[in-house]
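Single-letter residue listing:
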Amino acid sequence: MTLTEILFYAFSAVLIVAAVGVITARNPVHAALFLVFAFFNSAILWLLMEAEFLAIVLVLVYVGAVMVLFLFVVMMLDINLAQMREGFTRYAPLGIVIAALVVIEIGSVVWVKQLGVDAAPALATGAEGYSNTRDLGELLYTKYLYPFELAAVLLLLAIVAAISLTMRQRRGVKTQDIAAQVSVRAKDRIRLVKMDAEKDA
Amino acid sequence: MSGLPDFAASLLSFLPDWAQAIVWYGVVALILFISVILTMAFLTLAERRVIGSIQARIGPNRVGWNGIGQPFADVLKLLVKEVIVPSSSSKFLFVLAPLLALIPALCTWAVMPLWPGFTVADINAGLLYILALTSAGVYGVILAGWAANSKYAFLGAMRAAAQMVAYEIAMGFALVGVVMAAGSLNLGEIIDAQRGGFFSYFFWWLLPLFVVYFVSGVAETNRAPFDVVEGESEIVAGFHVEYSGMAFAVFFVAEYVNMILISALTAVFFFGGWLSPFEGYPFPSWLAWLAAPHFIWFFLKISFFLFCFLWFRATFPRYRYDQIMRLGWKVFIPVTLVWIFVEGLFWIYKIGPWAVA
């Protein structure tokens, strides 16, 4: 086994343990942290495949932004665990079906590979000076420009929707208008009067 | 990474190939680690002396010559104090949180170009790596606040999470401008793109982005005037209110290492890193070293920005929390977006030094 293979199996094992932790942890905060750990490990797997751009962006977007907001919400929720478990038997059949589907999909990939069909060719290791980031950028902005722009528009739509859902003016709430506060000048608030120090008698 | 330098390879020739790399990079990382920690230690002294001088008092000057031994006395004091773990805290996370704050801060130094031709790990996507790690640093603060099981700590953690997410976006956009100008994500190449003396540094062309980046950097490190995360007068000490002894010191170290990091990154992105500001000037031969790129220039630039950090702290009153959010979301992000557009126009009409390429 080469060093890369040893690392691959080590990190995969940790990834699986973390993924199991996500669904078995009792405390939702611990579950979210296991998920962060799982993201880290999958980023490392990508690094081993020389996909450094994807690996770093995974950490940047999911670990650095998405999961922080997730934790933010989870920490503030006071989740009643007993109530959450009530629906377990009701939804169990659906869960089992989905789990079986995933197992079949992964199994079929393994089966196809075993047939010797070259469905996923061996990873091409880049030459010296090869930049994963540059290649991805070139593809995204030439060949896949329209799908890329479509995804961007979709995200913009989501942003606008989220903002319009939360933007509402409630009456009777005292808020501060910071723009007005910042733009205040001294002469709006205070009037300096010039007068003699002493009055004539 | 192009293998080991020759002298290291001959020194470690008794080891197998893979062990040579591990030993060499281990030693380099250790040296870098110690240098950063020592810089941080003396930065704490500098901070107290500088702010003391700004506030017309003396500051610590008793330990050693002019107080030069003060950092070591502080470390010793913190070392012998007891680390108290609150009984109703989440113990594992409580101990883990300071490490999660410190480790990303130190890891980032791996891609920093320290002097011409030397970077511990010269990777292509260095800038993204830095963004990813600095954004991971927020976990230390959030977990510290949550694990302590105290409402003040928790309030601090919530503030930290919201503030860091807000300013990270502005920071990221400011760096998009730098990447557009340099045409590379590699920090060494970003420095190379600024060759040609003081007037070819990026900050002339990216002035709004420079301001946004540096102020966001101050906010990211939770330094005054953006230190509502700690906010002594409102929430005691924020996320580290329950920490004592070395566990507290680790948070402290992480904050100062991040300050040095932001200063170094500002120097690299906008002020040419280790390039000399006098490059290309016709110096007489005995002064020619003034025009050559050297570590000393990098050091001076870092020192200047660190001084600005201390200066801000002594000058500005603390922002109110809603003002911080407004500044991040409604001022900085639009400014960066507009300037990226302007930069695109520069590029199209071939204005500016980089447009030739």
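All figures in this text were calculated on a predicted structure; none of them were measured in a lab. (Residues numbered from 1 in each chain as written. Chains lettered and ligands numbered in written order. Predicted model: local features only at pLDDT ≥ 70, side-chain atom pairs only at ≥ 80, totals over all residues. Heavy atoms only, no water.)

Student: Explain the packing of helix α3 (residues 70–79) of chain B against helix α11 (residues 245–270) of chain B to me, please; I cannot follow it from the model alone.
Tutor: What describes two packed helices is the angle between their axes and the distance between those same axes. All names here are of chain B. Two elements in contact, α3 and α11, have axes separated by 7 Å at closest approach and are oriented at 140°. Judged by the angle between their axes, α3 and α11 are oblique. Taken together, the residues of α11 that come into contact with α3 (itself represented by Val75, Leu78 and Leu79) are Gly245, Met246, Phe248 and Ala249. Its residues assigned to classes, the contact of α3 with α11 shows 6 nonpolar, 1 polar and no charged. (Axes fitted to C-alpha atoms, helices over the stretch in contact; angles between N-to-C directions. Helix = DSSP H or I, 4+ residues; strand = E, 2+ residues; numbered from the N terminus. Parallel < 35°, antiparallel > 145°, perpendicular 65-115°, else oblique. Contact = heavy atoms within 4.5 Å. Nonpolar A, V, L, I, M, F, W, Y, C, P; charged D, E, K, R; others polar.)

Student: Just checking my understanding: could you explain the packing of aromatic side chains for this structure?
Tutor: How two aromatic rings sit relative to each other is set out by the distance from centre to centre and by the angle between their planes. All names here are of chain B. Counted according to the given criterion, the structure contains 33 aromatic pairs over all chains. Measuring from ring centre to ring centre gives 5.7 Å for Phe307 and Trp311, while their planes differ by 45°; the resulting arrangement is tilted. Here Trp311 and Phe307 lie together in helix α12 (residues 295–315), a separation of 4 residues that amounts to about one turn. Judged by relative accessible area, Phe307 falls into the partly exposed class, the value being 35%. A relative accessible area of 43% places Trp311 in the partly exposed class. Here the aromatic rings of Trp339 and Phe346 are separated by 6.3 Å at their centres, their planes lie at 85°, and the arrangement is edge-to-face. (Phe/Tyr/Trp six-rings, centres within 6.5 Å; stacked < 30°, edge-to-face > 60°. Buried < 20%, exposed > 50% of the residue type's maximum accessible area, 1.4 Å probe, protein only.)

Student: Got a minute to help me understand the pattern of salt bridges in this structure?
Tutor: A pair can form between side chains of opposite charge whenever their charged atoms are brought close. All names here are of chain B. Taken as a whole and judged by the stated rule, the model has 7 salt bridges over all chains. Among the ionic pairs, Arg313 bridges to Glu47, the shortest N-O distance being 2.7 Å. With Arg313 in helix α12 and Glu47 in helix α2 (residues 17–54), the pair connects residues that are 266 residues apart, well separated along the chain. The shortest N-O distance in the salt bridge between Asp227 and Arg318 comes to 2.8 Å. With Asp227 in the loop between α9 (207–220) and α10 (232–235) and Arg318 in the loop between α12 and α13 (321–348), the pair connects residues that are 91 residues apart, well separated along the chain. (Salt bridge = Lys/Arg side-chain N within 4 Å of Asp/Glu carboxyl O.)

Student: Please explain the environment of B:Val75 as it appears in this structure.
Tutor: Counting through the fold element by element, B:Val75 comes out in helix α3. For B:Val75, a relative accessible area of 40% gives the class partly exposed.

Student: Help me out: how do you make sense of helix α2 (residues 28–48) of chain A in this one?
Tutor: In an α-helix, one full turn covers 3.6 residues, which means residues spaced three or four apart are oriented alike. Residues and elements named next belong to chain A. The terminal C-alpha atoms of α2 lie 30 Å apart, and with 21 residues this matches the ideal 30 Å at 1.5 Å per residue to within 8%. All of the buried residues along α2 are Val29, Ala31, Ala32, Leu33, Val36, Ala38, Phe39, Asn41, Ala43 and Leu45. Measuring from the backbone nitrogen of Val29 back to the side-chain oxygen at the start of α2 gives 3.0 Å, which picks out Asn27 as the cap. Of the residues one or two after α2, Glu50 is the one with positive phi, at around 65°. (Expected span 1.5 Å × (residues − 1). Polar contact = N/O pair within 3.5 Å; in protein donor to acceptor, adjacent residues only side chain to side chain.)

Student: Help me out: how do you make sense of the packing of helix α4 (residues 91–107) of chain B against helix α6 (residues 138–147) of chain B in this one?
Tutor: Residues and elements named next belong to chain B. It is the contact of α4 with α6, at a shortest axis distance of 7 Å, that shows an interaxial angle of 160°. Relative to α6, the element α4 is oriented roughly antiparallel. Remark: the crossing between α4 and α6 carries left-handed chirality. For the pair formed by α4 and α6, the contact residues are Leu93, Phe94, Ala97, Leu100 and Ala101 on the first element and Tyr139, Gly140, Leu143, Ala144, Trp146 and Ala147 on the second. Its residues assigned to classes, the contact of α4 with α6 shows 10 nonpolar, 1 polar and no charged. (Left-handed = near helix turned anticlockwise from the far one by under 90°.)

Student: When you look at the environment of B:Lys77 in this model, what are you seeing that I'm missing?
Tutor: Mapped onto the fold, B:Lys77 is located in helix α3. Classification of B:Lys77 by relative accessible area gives partly exposed; the value is 46%.

Student: In this structure, what is going on with the side chain of B:Ser90? I would like to understand it.
Tutor: On the secondary structure map, B:Ser90 appears in the loop between α3 and α4. Since its relative accessible area comes to 19%, B:Ser90 is described here as buried. Every residue in contact with B:Ser90, bar those within four places of it in the chain, is listed here: A:His30, B:Trp146 and B:Ala147.

Student: It is not clear to me how the confidence of the model for chain A should be interpreted in this structure. Could you clarify?
Tutor: Fine structural detail should not be taken from predicted coordinates in areas where pLDDT scores are low. Looking at chain A as a whole, the pLDDT averages 82, with 87% of positions reaching at least 70. The least confident element of chain A, judged by mean pLDDT, is helix α4 (residues 81–85) of chain A at 64; the most confident is helix α7 (residues 145–166) of chain A at 92. (pLDDT = per-residue confidence, 0-100.)

Student: Would you mind showing me how to read α6(B) here?
Tutor: With 10 of 10 residues buried, α6(B) is to be regarded as a mostly interior element. Within α6(B), the full set of buried residues consists of B:Val138, B:Tyr139, B:Gly140, B:Val141, B:Ile142, B:Leu143, B:Ala144, B:Gly145, B:Trp146 and B:Ala147. Each element contacted by the buried residues of α6(B) is listed here: α2 and α3 (52–76) of chain A together with α4, α5 (126–136), α7 (151–182) and α11 of chain B.

Student: What exactly am I supposed to notice about the environment of B:Lys81 here?
Tutor: One can find B:Lys81 in the loop between α3 and α4. Considering only alpha carbons, one finds B:Lys81 and B:Gly245, 164 residues apart in sequence, at a separation of 4.9 Å.

Student: For this particular structure, what's the right way to read the nonpolar core?
Tutor: One recurring pattern in soluble globular proteins is that nonpolar side chains are buried together. In this structure, B:Phe269 and B:Phe270 are the most contacted members of the largest nonpolar core, which totals 121 residues. Setting aside chain neighbours within four positions, we find B:Phe270 in contact with B:Val178, B:Gln194, B:Tyr201, B:Phe202, B:Phe203, B:Leu206, B:Leu209, B:Phe210 and B:Tyr213. (Core = buried A, V, L, I, M, F, W, Y, C linked by side-chain atoms within 4.5 Å.)

Student: What should I look at first to understand a nonpolar patch on the surface in this one?
Tutor: Residues and elements named next belong to chain B. A surface patch of nonpolar side chains, about 800 Å² in accessible area, is lined by Leu30, Phe33, Ile34, Leu38, Phe42, Trp65, Ile68 and Phe72. By residue number, the principal contributor to the nonpolar patch is α2, which donates 5 residues. In this fold, Leu38 is placed in helix α2. (Patch = residues over 30% accessible without salt bridge, like charges linked within 9 Å, V, L, I, M, F, W, Y side chains within 5 Å. Areas by Shrake-Rupley, 256 points an atom, 1.4 Å probe, with all protein chains shown as cover.)

Student: How do you make sense of the interface of chain A and chain B when you look at a structure like this?
Tutor: By convention, interface size is frequently given as the accessible area that disappears when the constituent parts associate. Chain A puts 30 residues into the contact, and the matching count from chain B is 27 residues. Looking at the side of chain A facing chain B, the largest losses of area belong to A:Ile56, A:Met75 and A:Ile178, adding up to 24% of the total buried there. Where chain A meets chain B, there are 0 salt bridges. Applying the counting criterion to the chain A and chain B interface returns 2 residue pairs in polar contact (both at pLDDT 80 or more). Residue assignment for the side of chain A that touches chain B shows that the elements contributing at least two residues are α2, α3, α6 (132–141) and α8 (178–182) of chain A. For the side of chain A that touches chain B, a count of residues per class yields 21 nonpolar, 7 polar and 2 charged. (Buried area = accessible area lost by both parts, 1.4 Å probe.)

Student: Sorry, what's going on with the side chain of B:Gln70 here?
Tutor: All names here are of chain B. Along the polypeptide, Gln70 turns up in helix α3. A relative accessible area of 12% places Gln70 in the buried class. Not counting residues up to four positions away in its chain, the partners in contact with Gln70 are Leu45, Arg48, Pro60 and Val63.

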